[in-house]
Amino acid sequence: MTTTLSPRAERRLRVIAPLAVGAVALTAWQLLVTVGGVSDYLLPSPAAIAEELVAFAGPIAQATLITGTNALVGLVAGGLLGVGLAALAARWRPVDGMAAPIVAALAVVPIVALAPVLNSMFGADSQFGRQAIAALAAFVPVFLNTLRGLRQTRPVHRDLMRAYAATGGQSFRAVTLPTALPYLLTGVRIASSLAVISALVAEYFGGPRGGLGSAISTSAATSAYARAWAYVAASILLGLLFYAATALLERLVARRVPDPART
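Residues numbered from 1 in each chain as written. Predicted model: local features only at pLDDT ≥ 70, side-chain atom pairs only at ≥ 80, totals over all residues. Heavy atoms only, no water.

## Here's the deal with unusual backbone geometry
Part 1: The residue S223 is not glycine, and still its phi comes out positive at about 65°.
Part 2: Along the chain, the position of S223 falls in the loop between α9 (212-221) and α10 (225-256).
Part 3: Residue class for S223 comes out partly exposed when judged on its relative accessible area of 46%. (Helix = DSSP H or I, 4+ residues; strand = E, 2+ residues; numbered from the N terminus. Buried < 20%, exposed > 50% of the residue type's maximum accessible area, 1.4 Å probe, protein only.)

## Some thoughts on the nonpolar core
Part 1: Ranked by size, the top nonpolar core spans 24 residues in total, and within it A71, L75, V196, L212, Y231 and F242 carry the most contacts.
Part 2: Broken down by secondary-structure element, the contributors of at least two residues to this core are α3 (57-91), α6 (128-150), α8 (168-203), α9 and α10.
Part 3: With 8 residues, α8 is the single largest residue contributor to this core.
Part 4: Setting aside chain neighbours within four positions, we find Y231 in contact with P59, I60, A63, L212, A215, I216 and S219.
Part 5: Of all hydrophobic cores here, the second largest spans 11 residues; its members include A89, A99, L150 and A180. (Core = buried A, V, L, I, M, F, W, Y, C linked by side-chain atoms within 4.5 Å. Contact = heavy atoms within 4.5 Å.)

## Considerations on the environment of F56
Part 1: With respect to the helices, strands and loops of the structure, F56 is situated in the loop between α2 (46-55) and α3.
Part 2: Take F56: its relative accessible area is 24%, and that puts it in the partly exposed class.

Any functional reading would require information that these geometric values do not contain.
Here it is in structure tokens:
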């Protein structure tokens, strides 16, 4: 016998369950360090990390702002480039044929190898190298998902627009774009986390001082392990913020823009 929960109870469960799991994991972590005698350099306790978060709240906030700005610029730039190229590829097959190998190559570019090159290319005082890496990481999922969405328009809907003597622009606005929007926003949601991760990784390898990646590396090098974990916690929160913002945007657009494929 299965129990059916009300929609309100399901929403509450989705919030309470992760919080409960997180509380249990933090408690087990604290007990492992204090009771189990794990050394701080191997695994600092949550209490020690929380102390560092409070003591270095200013520098952590500043580093988070730098990394968040780099990730946001990269996400916007990569997203716009991905949408634009996907629109061209969906419209003209030669563009699609030329873009396919380029996108495949960008998808496997190692950030660890590319970051030092771009940081050296644009100088020690420029954030452009980090933003470019975040843009490259965001470009691929946005392009692929948008291109797939642009190809989801049903032939019957195209025929209907032709019967109404609609122009190409009118057909795009009324049918093609609403059909592609859910795919586009899914690509943006995936790209948001990749942009944060890429910006963090890029900050490890040269470039200007500042940013969560640089702070983690510096703290670990000076044996301030709890402080390094505090910066890691800030990185996790930043990634969750980006993901939550794009997920909320996806939900809001889904409510306001009807999908012609479901009608």
